[in-house]
Amino acid sequence: MSLRDLVNLLNEEARMGRATVSENDTNLILSELAPDVALRLAQAAANAGLRYVTYDSEFSECGEEDISEDMGQFRLALQKPNRSAEDVADTLYILSEVGFLDFLRNGHAARYWRIFGISASFKCQARAFGDWDQPLTLDELPVTKSPRMLVKETTDTRSVPDDIRLLLLTEMTLNATDPFHRMWAGHAYDSLSRCVANEVSASDRKLIFKGPPKLSLEFRNPHQEIDCPLDMCEFQRLHEAAAWVFESSREAEIKHVLLSTEIARSGRSDGEVRSYLQDNLAAAFECAKIAYQMSISDVTKDTLKSLGDLRKAVTEETSKATDATRQTVTALASAAAIGIGLVVARISATLSPWLIVAVMIVASLYVFMIALSGWHFILVQRGLRVQWQNKLYRFLSTDEYEAMVTKPVGRSEKVFKFTAISGVGILTVWAICVILFAFNATPVSFPTRDTSSPLKSLEKSEARPDDSDLEEKSRRPIVELPSVHLVSR
């Protein structure tokens with residue numbers, strides 16, 4: 001007899017009520033066994049090569065020869081086949097149907113559940129199910145909104161699941177003929193029905209939908225047998241509705257309100273969860289999707305208007321940052337030109353060095369104040385953007401807001417910051433150089449040219465001779481010319 005024969009035998013005995021099965025990660029405990037059942041299971045465990053221990057009704061260890069009808073009920077403890085540390089990493093190995101059901105109810109952290117004898121594997125968004133030696137892969141989806149944040153519970157014992165991904169399939173591949181598939185579908189149906197309600201009252205076992213009108217549905221006891229007949233089409237309908245509600249964390253709340261309201265409006269009276277959803281869930285789901293599309297159209301108008309305002313605000317803020325950069329550059333150029341003028345003035349004229357120091361200090365302070373006022377404006381706008389995001393633009397995700405606002409404005413801020421820091425640094429060095437030059441330079445003397453007019457030179461040359469010239473001329477001998485007498489006829 002193999003391990004499969006042992007598992008089939010203990011599952012059959014558990015279904016017939018002749019054995020109580022309790023399973024954990026490494027062991028199986030079979031209790032309340034009749035002597036004949038204890039002998040059959042012990043023999044099957046021995047043939048399968050498993051280690052086991054038999055206990056009598058007084059919890060004393062006994063052998064197979066001690067098992068008799070007059071000793072009451074027996075208890076059998078089986079140890080699962082040993083697996084390597086690599087095999088059991090993040091993996092749960094399950095032998096029995098009851099053990100699988102208990103793990104579903106109580107939960108387990110393993111991402112891979114290997115169930116002995118399952119016919120086909122299937123995957124949830126955060127867990128994979130398969131046979132013991134079947135290869136399993138899992139592409140885990142991101143965490144979405146927890147149903148416990150949307151559903152109110154009146155007791156401390158939580159019956160609403162914390163992670164909806166463990167109940168949503170990646171593909172609808174369940175086989176209605178497989179008992180493990182049926183048990184998982186029944187468990188998922190009961191859990192998903194709690195996820196779409198507004199309130200769960202575990203004390204009186206009711207799901208409450210606020211409506212209006214208010215609806216109260218009775219749900220089954222979670223410790224009741226789950227492998228009762230369940231129509232897979234009915235499960236698929238609820239699965240599709242729950243997947244629609246929780247597909248996006250940002251939209252889960254409004255979708256949950258719409259679906260729960262339509263479920264309350266669809267029926268006429270209270271009833272049992274499964275029968276009510278079977279009759280009304282399809283219509284309620286269609287109405288919820290229509291209501292969501294209508295709300296989206298209204299929200300879209302407001303969203304487009306908000307996005308337009310956001311674009312204008314970003315454009316205006318970017319232009320102001322650019323103007324601040326332009327003003328800083330202008331002030332830097334003016335201060336540099338003033339420094340050049342002071343250098344030229346110091347070279348060509350006797351200009352006080354302290355006057356040059358005073359002028360350069362005033363010019364540098366002017367540039368520094370321009371840069372400081374621009375940086376103060378940028379800091380104020382940063383604080384306003386944080387308030388805008390939390391109050392006006394919460395519909396934008398962090399990545400979208402960063403791409404539309406933070407990065408474009410950040411580029412303008414970087415240009416201003418680089419211009420201000422580098423410009424003030426260069427101006428400081430230039431001011432120091434001008435001041436040092438003012439105290440060490442000596443004015444240069446240039447030769448002068450006679451710029452009098454030629455007319456004045458001519459007047460000087462044609463000036464009247466002085467008295468010495470007249471005296472010299474008077475000393476010269478006088479030459480008399482012969483006189484000529486003209487005789488008239």
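A quick note: this is a predicted structure, and the numbers were derived from the prediction, not measured.

I keep staring at a nonpolar patch on the surface and nothing clicks. Help me out?
Residues Phe 368, Met 369 and Leu 372 make up a contiguous nonpolar surface patch of roughly 300 Å² in combined accessible area. For Phe 368, the position within the fold is in helix α9 (residues 353–391).

Explain the environment of Val 424 to me, please; I cannot follow it from the model alone.
By the element assignment, Val 424 lies in helix α10 (residues 398–440). Val 424 gets classed as partly exposed once you look at its relative accessible area, which sits at 22%. Placed 56 residues apart in sequence, Val 424 and Phe 368 show a C-alpha to C-alpha distance of 6.8 Å. Look past the residues within four positions of Val 424 in its chain and what remains in contact with it is Leu 332, Val 367, Ala 371 and Thr 419.

Got a minute to help me understand the side chain of Glu 199 in this structure?
Along the chain, the position of Glu 199 falls in strand β11 (residues 199–201). The residues contacting Glu 199, other than those within four sequence positions of it, are Val 151, Lys 152, Thr 154, Lys 206, Leu 207 and Ile 208.

Would you take a moment to explain the pattern of salt bridges for this structure?
Charged atoms that come close allow side chains of opposite charge to pair. For the structure on display, the rule yields 22 salt bridges. Between Glu 153 and Arg 158 there is a salt bridge, and its shortest N-O distance comes to 2.6 Å. The class of Glu 153 is buried, set by a relative accessible area of 15%. Taking the relative accessible area as the measure of exposure, Arg 158 reaches 41% and is therefore partly exposed. With its nearest N and O atoms 3.1 Å apart, the salt bridge here joins Glu 413 to Arg 382. Of this pair, Glu 413 sits in helix α10 while Arg 382 sits in helix α9, and the two are 31 residues apart along the sequence. The buried category is assigned to Glu 413, whose relative accessible area is 7%. The network of salt bridges with common partners includes Asp 90, Arg 111, Glu 140, Asp 163 and Arg 165.

Where do I start with the pairing of strand β7 (residues 112–115) in this structure?
On any regular strand, side chains alternate: one points to one face of the sheet, the next to the other face. Residues of β7 alternate between two faces, with Tyr 112 and Arg 114 on one and Trp 113 and Ile 115 on the opposite face, all of them buried. Two strands pair when backbone bridges link them, and strand β6 (residues 91–94) and β7 are joined in this way by four bridges, in the parallel orientation. Counterpart to Ile 94 in the pairing with β7 is Ile 115. Regarding the hand of the β-α-β motif, the stretch spanning β6, helix α4 (residues 97–106) and β7 is right-handed. Pairing of β7 with strand β9 (residues 128–130), which is carried by three bridges, proceeds in the parallel orientation. Across the sheet, residue Arg 114 finds its bridge partner in β9, namely Gly 130.

When you look at the side chain of Thr 91 in this model, what are you seeing that I'm missing?
Assignment of secondary structure puts Thr 91 in strand β6. A polar atom in the side chain of Thr 91 sits 3.0 Å from the backbone oxygen of Ala 89. Ignoring anything within four residues of it in the chain, the contact list for Thr 91 reads Ala 110, Tyr 112 and Arg 114.

What counts and what doesn't
- Position numbers for residues count from 1 along each chain, tracking the sequence in the order it is written.
- Note on the predicted model: pLDDT of at least 70 is required for a residue's local features to be given, and 80 or more for side-chain atom pairs to be given and counted; whole-chain, interface and lining totals, by contrast, use all residues.
- No hydrogens and no water enter the side-chain calculation; it runs on all heavy atoms of the structure.
- Here, patches come from residues exposed beyond 30% relative accessible area and free of salt bridges, joined within 9 Å for like charges and within 5 Å for nonpolar side chains (Val, Leu, Ile, Met, Phe, Trp, Tyr).
- Methods summary: accessible areas were calculated by the Shrake-Rupley approach with a probe of 1.4 Å, and residue burial reflects only the protein chains presented.
- One speaks of a salt bridge when a side-chain nitrogen belonging to Lys or Arg is within 4 Å of a carboxyl oxygen belonging to Asp or Glu.
- Helix and strand assignments come from DSSP, with helices taken as H or I runs of at least 4 residues and strands as E runs of at least 2, each series counted from the N terminus.
- The buried label applies to any residue whose accessible area, calculated with a 1.4 Å probe on protein chains only, is under 20% of its type's maximum; exposed applies above 50%, and partly exposed to all values in between.
- The criterion used for residue contact is that any of the two residues' heavy atoms lie within 4.5 Å.
- Note on pairing: DSSP must find at least two bridges between two strands before they are called paired.
- If you view a crossover with the strands going away from you and the path from the first strand over the helix to the second runs clockwise, you call it right-handed.
- In protein, a polar contact means a hydrogen-donor-capable atom and an acceptor-capable atom, both N or O and within 3.5 Å, with residues adjacent in sequence counting only if both atoms are side-chain atoms; elsewhere, any N or O pair within 3.5 Å suffices.

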